[in-house]
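This is what each chain is made of:
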Amino acid sequence: MSGPLIVLVGPMGVGKSTVGELLAERLGTTYRDTDADVVAAAGKSIPEIFFDEGEERFRALEREAVRESLTGHPGVLALGGGAVLDESTRALLAGHRVVYLSMDVDEAVKRVGLNTARPLLAVNPRRQWRELMDARRHLYDEVADATVTTDARTPDEVAQAVLDATELPERTAGAVPSGRETTRMSEQGTTRIQIAGTAGTEAYEVLVGRRLLGELPNLIGDRAKRVAVLHPEALAETGEAVRTDLAAQGYEAIAIQLPNAEEAKTVEVAAYCWKALGQTGFTRTDVIVGVGGGATTDVAGFVAASWLRGVRWIAVPTTVLAMVDAAVGGKTGINTAEGKNLVGAFHPPAGVLCDLAALDSLPVHDYVSGMAEIIKAGFIADPVILDLVEADPQGARTPAGPHTAELIERSIRVKAEVVSSDLKESGLREILNYGHTLAHAIEKNERYKWRHGAAVSVGMVFAAELGRLAGRLDDATADRHRAVLESVGLPLTYRGDQWPKLLENMKVDKKSRGDLLRFIVLDGIGKPTVLEGPDPAVLLAAYGEVSA
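A.B. asks: Is there a simple way to explain the overall build of the protein chain in this structure?
C.D. replies: Helix and strand counts for the protein chain stand at 22 helices and 16 strands. Each of the 548 residues in the protein chain was classed as buried or not, and the buried ones make up 56%. Sequence-distant contacts, at least 24 apart, represent 75% of the contacts inside the protein chain between residues at least 6 apart. Of the roughly 21,500 Å² that the protein chain leaves accessible, carbon and sulfur atoms contribute 50%.

A.B. asks: What's the story with the pairing of strand E9 (residues 252-258) in this structure? I'm lost.
C.D. replies: Side chains on a regular strand alternate between the two faces of the sheet. Bridging between strand E8 (residues 226-232) and E9 involves seven bridges; their strand directions are parallel. Among the inter-strand pairings, alanine 228 is bridged to a residue of E9, identified as isoleucine 254. Once you follow E8 into helix H10 (residues 236-248) and on to E9, the crossover reads as right-handed.

A.B. asks: Sorry if this is basic, but what is going on with the environment of glutamate 338 here?
C.D. replies: Within the secondary structure, glutamate 338 sits in the loop between strand E12 (331-336) and strand E13 (339-346). With 106 residues separating them along the chain, glutamate 338 and lysine 444 place their C-alpha atoms 8.3 Å apart. With residues up to four places along the chain from it excluded, the contact list for glutamate 338 reads Lys444 and Val508.

A.B. asks: I tried to follow the pairing of strand E1 (residues 6-9) on my own but got confused; where do I start?
C.D. replies: Residues of E1 alternate between two faces, with Ile6 and Leu8 on one and Val7 and Val9 on the opposite face, all of them buried. Strand direction decides the pairing type here: E1 and strand E3 (residues 76-78), joined by three bridges, are parallel. Across the sheet, the residue bridging to isoleucine 6 is valine 76, located in E3. Bridge count for E1 against strand E4 (residues 98-102) is three bridges, and the pairing is parallel.

A.B. asks: Whenever I open this one, the pattern of salt bridges confuses me. Can you help?
C.D. replies: Where charged atoms from two side chains of opposite charge come close, those side chains can pair. Overall, the coordinates contain 36 salt bridges when judged by the stated rule. A salt bridge links arginine 518 to glutamate 532; the nearest nitrogen and oxygen atoms lie 2.3 Å apart. Here arginine 518 is found in strand E15 (residues 518-522), whereas its partner glutamate 532 is found in strand E16 (residues 528-532), with 14 residues between them in sequence. Given a relative accessible area of 42%, glutamate 532 falls into the partly exposed group.

A.B. asks: What is the right way to read the sheet that holds strand E14 (residues 351-355) from this model?
C.D. replies: Strand pairing in a sheet takes place through backbone hydrogen bonds and is either antiparallel or parallel in direction. Spatial strand order, E6-E7-E14-E11-E10-E8-E9: seven strands in an open sheet with mixed pairing. What marks the edges here is a single partner per strand, and that holds for strand E6 (191-195) and E9. On average, adjacent strands in this sheet sit at an angle of 15° to one another, irrespective of strand direction. Across four bridges, strand E7 (residues 204-209) lies against E14 in parallel orientation. Bridge pairing in E14 links valine 208 to cysteine 354. Taken strand by strand, helix H12 (residues 294-306) contacts E8, E9, strand E10 (287-292) and strand E11 (312-317), and its axis lies near 170° from that of E10.

A.B. asks: What's the story with the sheet that holds strand E2 (residues 31-33) in this structure? I'm lost.
C.D. replies: On the basis of which strands lie adjacent, the open sheet formed by five strands has the order E2-E3-E1-E4-E5 and parallel pairing. With one partner strand each, in any of the chains shown, E2 and strand E5 (146-149) form the two edges of the open sheet. Each neighbouring strand pair of the sheet contributes to a mean axis angle of 25°, computed without reference to strand direction. Each of E1, E2, E3 and E4 is contacted by helix H1 (residues 16-27), which is oriented at about 165° to E1, the strand it contacts most.

A.B. asks: Where do I start with the nonpolar core in this structure?
C.D. replies: Generally speaking, soluble globular proteins have nonpolar side chains that are buried together. Counting 97 residues, the largest nonpolar core has Val206, Ile288, Ile375, Ile408, Ile412, Tyr434 and Phe462 as the members making the most contacts within it. The dominant element in this core, judged by the number of residues it contributes, is helix H14 (residues 364-380), at 10 residues. Among the nonpolar cores identified, the runner-up in size contains 21 residues, and Ile6, Leu23, Tyr31 and Leu101 belong to it.

A.B. asks: Could you clarify how one ought to interpret the packing of helix H2 (residues 34-42) against helix H4 (residues 55-72) in this entry?
C.D. replies: To characterise two packed helices, one gives the angle between the axes of the helices and the distance between these axes. Where H2 contacts H4, the two axes come as close as 9 Å, and the packing angle between them is 120°. Here H2 lies oblique to H4, going by the angle between them. Handedness of the H2/H4 crossing: right-handed. When H2 is examined against H4, the residues Thr34, Asp35, Asp37, Val38 and Ala42 are found in contact with a partner set consisting of Phe58, Leu61, Glu62, Ala65, Val66 and Ser69.

A.B. asks: Honestly, unusual backbone geometry in this entry has me stumped. Any pointers?
C.D. replies: Most peptide bonds take the trans form, and the phi angle of most residues other than glycine is negative. Phi is positive for alanine 261, close to 55°, though the residue is something other than glycine. Its place among the elements puts alanine 261 in the loop between E9 and helix H11 (267-280). Non-glycine residue asparagine 341 carries a positive phi angle of around 60°. By secondary structure assignment, the location of asparagine 341 is in strand E13.

A.B. asks: How should I be thinking about the side chain of arginine 90 in this particular structure?
C.D. replies: Topologically, arginine 90 is positioned in helix H5 (residues 87-92). Overall, arginine 90 belongs to the buried group, its relative accessible area being 18%. Contact partners of arginine 90, with chain neighbours within four places excluded, come to Val84, Leu85, Leu139, Glu142 and Val143.

A.B. asks: What's the story with the packing of aromatic side chains in this structure? I'm lost.
C.D. replies: Centre-to-centre distance and the angle between the planes together describe a pair of aromatic rings. A full pass over the atoms with the stated rule returns seven aromatic pairs. Centroid distance tryptophan 450 to tyrosine 494: 5.3 Å. Interplanar angle 90°. Geometry classified as edge-to-face. With a gap of 44 residues between them, tryptophan 450 in the loop between helix H18 (436-445) and helix H19 (452-469) and tyrosine 494 in the loop between helix H20 (475-487) and helix H21 (499-506) connect regions that are remote in the sequence. On the basis of relative accessibility, which here comes to 25%, the residue tryptophan 450 falls in the partly exposed class. Tyrosine 494 sits in the buried class, given a relative accessible area of 3%.

A.B. asks: Is there a simple way to explain helix H15 (residues 383-391) in this structure?
C.D. replies: Turn by turn, an α-helix covers 3.6 residues, leaving residues three or four places apart pointing in a common direction. When we look at burial in H15, the residues that qualify are Ile385, Leu386, Leu388 and Val389. Each buried residue of H15 sits inside an arc of 160° when the element is viewed along its axis, so together they form one side.

Criteria and thresholds
- Along each chain, the written sequence defines residue order, and numbers are assigned to residues from 1.
- Given that this is a predicted model, residues contribute local features only at a pLDDT of at least 70 and side-chain atom pairs are listed and counted only at 80 or more, while totals for whole chains, interfaces and linings are drawn from all residues.
- Values reported for side chains reflect all heavy atoms of the structure, with hydrogen atoms and water molecules removed beforehand.
- Numbering of helices and strands starts at the N terminus; helices are DSSP runs of H or I of at least 4 residues and strands are runs of E of at least 2.
- We call a residue buried when its accessible area falls under 20% of the maximum for its residue type, exposed when it is over 50%, and partly exposed in between, using a 1.4 Å probe and counting protein chains only.
- Should any heavy atoms of two residues lie within 4.5 Å, those residues are considered in contact.
- Here, Shrake-Rupley sampling with a 1.4 Å probe gives the accessible areas, and only protein chains in the shown set may cover a residue.
- Here the rule is simple: two strands pair whenever DSSP picks up at least two bridges between them.
- The crossover handedness rule: strands pointing away from the viewer, path from first strand over the helix to second strand clockwise, crossover right-handed.
- Here, a salt bridge means any side-chain nitrogen of Lys or Arg that lies within 4 Å of a carboxyl oxygen of Asp or Glu.
- Axis lines are fitted to C-alpha atoms, over the contacting stretch for helices. Their N-to-C directions set the angle, which ranges from 0 to 180 degrees.
- By nonpolar core is meant a set of buried Ala, Val, Leu, Ile, Met, Phe, Trp, Tyr and Cys residues that side-chain atoms within 4.5 Å join together.
- Note on angle classes: values under 35 degrees are labelled roughly parallel, values over 145 roughly antiparallel, values of 65 to 115 roughly perpendicular, and the remainder oblique.
- In this scheme, a crossing is called left-handed if the near helix is turned counterclockwise away from the far one by less than a right angle; it is called right-handed if the turn is clockwise.
- We call Phe, Tyr and Trp rings a pair once their centres come within 6.5 Å, taking the six-membered ring for Trp, and we label the pair stacked below 30 degrees between planes, edge-to-face above 60, and tilted otherwise.
- By construction, the arc corresponds to the directions joining the helix axis to the C-beta atoms.

In structure tokens:
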């Protein structure tokens, strides 16, 4: 039989990608996903295709991707959830070994509930899930040679069930197909990263994996009677789904909707949250849950820190930036007209749930923006991160890349090590601000319309040039900043005529001491240090290197 060894079909969120990778490893072959092919062909994410060009255009791209894969891919192939809707696709599947991965509605909501960016589950996920499955279940059954249920099974168990159903022989252990490493150990289970308690705070864990919402009641605990779920407007359905699930667990759960992105980080929004907590009768034993990007977790943490002088809170980050930076470490805060994060508190969460499923449909620009913080972690502490990005820049731009979980976990470990020894930024923690002094000035100058990661990217190039001009950093490492950042699509320059405004903004940066400007620079990869009061002429020259 020509074509793929196995074709996986089934609804969104069922785990086709994770199981497909495991099957490819065990069979000694390669894995391919037609959704990833569609994204590559269109140059934009699937939600963006739906929004910009409509479902009909998406289905046409999907149909061509399936046709090409069925004739040209010899390994494990996964089709998008709706691919079987196309009659010609169903006809093409005839004669191929097709396995239908199924799950029930409760399992589906747990797996995709954090991911309301999926274009066909935008409102009322449970009802829409049932409607989708009513329309598609008979089609999955029609094309499949075997059905494997995934409910209450780990990805390893599902992969084994597929092998059992197809009777395909596993390749000798340890054999990996040349040209690609298919093992993604972190997605076979949950990685737990410990953050040590300091300065009277308790230790907590950052969990990285998939299907993590089931961990939420354990983190909330039995003492809490009330739970407030803070979420941005863009994740209204997600927030409501989390609230509903917690209410079903017996908690008095409310959802508090925040503005999107940096617009949430104001004292007016914080006051709105305080009012909601007061009207609900929130006590010191109750818990706040922040579901969303970095701005949401910043606000949720700050509201938790300031209500009754501190209540417990849990972060459920849904973006790369929030997972690797904002949700870890306990730095919470809001913005003022004078600058970013000038009002805040150090208030570590009781736990962080980084559900990688939330990244699957993140818009590409938001995903790439988060890569800036990952690359920063590579330069200040873990050069393996840089090696992984350089090995596959295009893969680093998408959650479907081969190193996604490892990049996120390594970045979190860098931050975990730093904040475990310096909670309140009295020393070592300052290194996490590499590139951020100029970045925060750019964000303020743009009235927070620039993505944080884009500003940090420019800020790191500036810091590298500053280190080079100050005689601290070698040319090769400074140039490597530009190459790595540009390879994933991050910006390297900003408007040259804005230097006077940026300089004034930097003078009120949190890292400044009096009128003395302080910058984190590198003496080499993994060797960050502080540069105090650099010569104004050197600062201007460094900015000239990033001026557009």
